[in-house]
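These are the residues of each chain, in order.
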Amino acid sequence: MAHRETNGSKLFITVLCMVAACSAVPISDLLDRASQRSDTLHSLSTTLTQDLNNHIPPVGWMMMPRPSTCHTSSLQTPNDKEQALQLSESDLLSLARSLLQAWQDPLVVLSNSANSLVHPSQSSISNKIRELQEHSKSLGDGLDILSGKMGPEAQAISSLPYRGSNDIGEDSISKLTNFHFLLSCFRRDSHKIDSFLKVLRCRAAKLQPEMC
C-alpha cells in the first residue's frame with residue numbers, strides 16, 4: 001500500500017512538472033489535481049483523529065491544550081467561506097503554502113512518535129502518518145509549481161516555526177494526548193488548505209461562488 005502511494009506521489013509531481021514546463025495543461029486543471037490531493041490529505045487526517053478519539057482517557061481530555069495554542073494559530077486566515085471568497089487568488093495560494101510548509105517538522109515529530117504510542121492500531125497509525133508526509137510533500141511541490149505560474153504574490157510564504165518539543169510525553173497518556181492534539185491541529189489546517197484550494201479551483205473554472 002505504502003509503495004503504491006509513493007509511486008502515485010512521484011507520478012503526481014512528474015505530471016505537474018511536465019505540464020508546467022510545456023504549458024500543455026491550464027492552471028484550472030493543475031488546481032483540480034492539487035485540490036484532489038488536499039482532499040485526500042484532509043480525509044486521511046480526519047480518519048486518524050477519529051482512530052484516536054475513543055482511546056483518550058478522561059484525564060487526557062482534561063490535559064488537552066486549547067486549539068488556539070496550535071503553532072499555526074498566529075496566521076490570520078479566513079474564518080469561513082464568505083471571508084475566503086473575498087481574498088485574491090495569490091493570497092489564498094500563499095496561505096495554503098504557508099500552512100503546508102509549517103507542518104514539515106511537526107509531521108516528522110508525529111512520525112517518530114507514532115512508534116511508541118500505546119494504541120491497539122499503533123501500526124496502522126504509523127503507516128497513515130507516513131502517508132500524510134508523502135501527500136503533504138507532493139502537494140507542497142505541486143503548489144510551488146502553481147505559485148510560479150501565478151506570480152510573485154502567490155510565492156510569498158509566512159514563517160510559522162514549530163517550537164514544540166520532539167518528545168511529546170514521558171508516559172503513555174501524555175504521549176497519546178499530545179499526539180492527538182498535534183494531529184488535531186494538522187487536521188484543522190488541512191481543512192483550511194483544502195478549502196482555499198477548492199475556492200481557487202472554482203474561480204479558475206469560472207464557477208459561481210455558491211457552487212464552490
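Preceding this section is the structure that the text describes.
Residues numbered from 1 in each chain as written. Predicted model: local features only at pLDDT ≥ 70, side-chain atom pairs only at ≥ 80, totals over all residues. Heavy atoms only, no water.

Undergrad: I keep staring at the layout of surface pockets and nothing clicks. Help me out?
TA: Over the atoms a probe the size of a water molecule is rolled, and this reveals where empty space is left. Approximately 260 Å³ is the volume found for the largest pocket. If you trace the largest pocket, you find 14 residues lining it, with Leu100, Gln101, Gln104, Ser136 and Gly140 closest to the centre. In terms of residues, the lining of the largest pocket owes the most to one element, helix H7 (residues 122-150), which gives seven residues. For the lining of the largest pocket, the residue count by class is five nonpolar, five polar and four charged. Computed from the structure, the second largest pocket encloses a volume of approximately 220 Å³. (1 Å grid on protein atoms, 1.4 Å probe; cavity = no way out; pocket = protein on both sides within 12 Å on 5 of 7 lines; lining within 4 Å. Points joined across faces, edges and corners; volume = space filled by probe spheres on them. Helix = DSSP H or I, 4+ residues; strand = E, 2+ residues; numbered from the N terminus. Nonpolar A, V, L, I, M, F, W, Y, C, P; charged D, E, K, R; others polar.)

Undergrad: How do you make sense of the side chain of Arg97 when you look at a structure like this?
TA: If you trace the backbone, Arg97 turns up in helix H5 (residues 89-101). Given a relative accessible area of 9%, Arg97 falls into the buried group. For Arg97, the residues in contact, after removing those within four places along its chain, are Leu143, Asp144, Ser147, Ala154, Gln155, Ala156 and Ile157. (Buried < 20%, exposed > 50% of the residue type's maximum accessible area, 1.4 Å probe, protein only. Contact = heavy atoms within 4.5 Å.)

Undergrad: What should I look at first to understand the nonpolar core in this one?
TA: Nonpolar side chains in soluble globular proteins tend to end up buried together. Within the largest apolar cluster, 47 residues are counted, with the highest numbers of intra-cluster contacts made by Ile129, Leu132, Leu139, Leu143, Phe179, Leu183 and Leu197. Elements supplying a minimum of two residues to this core: helix H2 (27-53), H5, helix H6 (104-114), H7 and helix H9 (172-204). Ranked by residue count, the leading element in this core is H9, at 12 residues. With sequence-adjacent residues up to four places away left out, Ile129 is seen in contact with Leu48, Leu107, Leu110, Ser111, Phe179 and Leu183. (Core = buried A, V, L, I, M, F, W, Y, C linked by side-chain atoms within 4.5 Å.)

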